[in-house]
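Report on the structure
For reference, the chains in residue letters:
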Amino acid sequence: MLYRGRFAPTPSGPLHFGSLVAALASWLEARSCGGTWLVRIDDLDPPREVPGAADRILRQLEAFGLHWDETVRYQSQRSDAYQAAVTQLVDSGHAFHCRLTRKELASLNHCHPGISAAVAADADTAVRLHVPDRQLCYSDNIQGHVCNNLHRDGGAFVIRRRDGLFGYQLACALDDADEAITHVLRGADLLGSTLRQRWLLECLKRPIPDYAHLPVVSSGRNVKLSKSAGSNALDPNRANQLLSAALSCMGLQPPADLQSTSPAALLAWATTHYPEHQWPPGHQQPLPDGLNVEDTVEPPPQPT
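Let me begin by describing the structure that accompanies this report. Small disclaimer: the values here were computed from a predicted structure and weren't measured. (Residues numbered from 1 in each chain as written. Predicted model: local features only at pLDDT ≥ 70, side-chain atom pairs only at ≥ 80, totals over all residues. Heavy atoms only, no water.)

1. Topic: the overall build of the protein
Scanning the protein from terminus to terminus reveals 8 helices and 13 strands. Scaling as 2.2 N^0.38, a compact globule of 304 residues should have a C-alpha radius of gyration of about 19 Å, and the protein matches this with 20 Å. Seen through its principal axes, the protein has C-alpha atoms that stretch 65 × 50 × 40 Å. The long-range share in the protein, meaning contacts at least 24 apart out of those at least 6 apart in sequence, stands at 76%. Of the roughly 14,200 Å² of accessible surface on the protein, 51% is carried by carbon and sulfur atoms. Taking the average location of the 27 positive side-chain charges in the protein and that of its 32 negative ones, the two points are 6 Å from each other. (Helix = DSSP H or I, 4+ residues; strand = E, 2+ residues; numbered from the N terminus. Rg over C-alpha atoms; globule rule 2.2 N^0.38 Å. Contact = heavy atoms within 4.5 Å. Areas by Shrake-Rupley, 256 points an atom, 1.4 Å probe, with all protein chains shown as cover. Lys, Arg positive; Asp, Glu negative; His and termini not counted. Charge placed at Lys NZ, Arg CZ, Asp CG, Glu CD.)

2. Side note on the environment of Asp45
Considering the arrangement of structural elements, one finds Asp45 in the loop between strand E2 (36-41) and helix H2 (53-63). Look past the residues within four positions of Asp45 in its chain and what remains in contact with it is Arg161 and Leu165.

3. Section: the packing of helix H3 (residues 79-91) against helix H5 (residues 168-178)
To characterise two packed helices, one gives the angle between the axes of the helices and the distance between these axes. Contact geometry of H3 with H5 gives a least axis separation of 10 Å together with a crossing angle of 105°. With respect to H5, the axis of H3 lies roughly perpendicular. On H5, the residues touching Ala81, Tyr82, Ala85, Val86 and Leu89 of H3 are Leu170, Ala171, Leu174, Asp175 and Asp178. Residue classes in the contact of H3 with H5 are distributed as 8 nonpolar, no polar and 2 charged. (Axes fitted to C-alpha atoms, helices over the stretch in contact; angles between N-to-C directions. Parallel < 35°, antiparallel > 145°, perpendicular 65-115°, else oblique. Nonpolar A, V, L, I, M, F, W, Y, C, P; charged D, E, K, R; others polar.)

Given below as structure tokens:
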């Protein structure tokens, strides 16, 4: 089976150091397996998008030498496919229309009661996927054995919102299936989504990829580096320094003399040595020694 991996950023801001670690790891795994690496822009939620962020993310990946193999996909261009999947799930009895509000769900301890709350299809309804009241499990390639009862952890989840936007779980899982992704390597902050996406693909009778969730990089204050937490753009002028720091997050220490070479030379070394990588245990890891958040960011433009 040919390895097909992907990196799927949300254009809510530029890439930061934590997203560089995730992108680099998925790129290296694909390259070390002789496989294919795709980039997808998860621009599913217009209110969260930052104008120009998608193009900037692609430019950042190129500046760090992380080149993709096929045409970049955009979720905003996939509405027809998502609607077809919603219709299939409703028609097969796996999904249902629902009018429960957030306030009503809060009164139920944020746990949806399931198909008993189903109503007739209407413009003012969300569509939710029914989940079983039993343990679902899978083997994560980094985190090990993962299990959860989705019915007792939030219950039926949204696959199409009341406002017509499609749910992240539906779009992400369907995109992976339609792109024939065989391996998903991403941050452990998305671990809670995986059993939902696996269940959704099972309901659609689609192939399910292998999953691995790497420990996300935190700021040292137990706060994950993220666009929403205000992490700033990577500085492309420090590409080799930041790539070396990202490699150290996966237990790889490139030779010091590679610091002064091109990102391509550093990535060639990393591809060869990637089979030796070792992730630290758990769901989080600190910034590498000697690296501050401020060291990773692009300086502001100088006045002219």
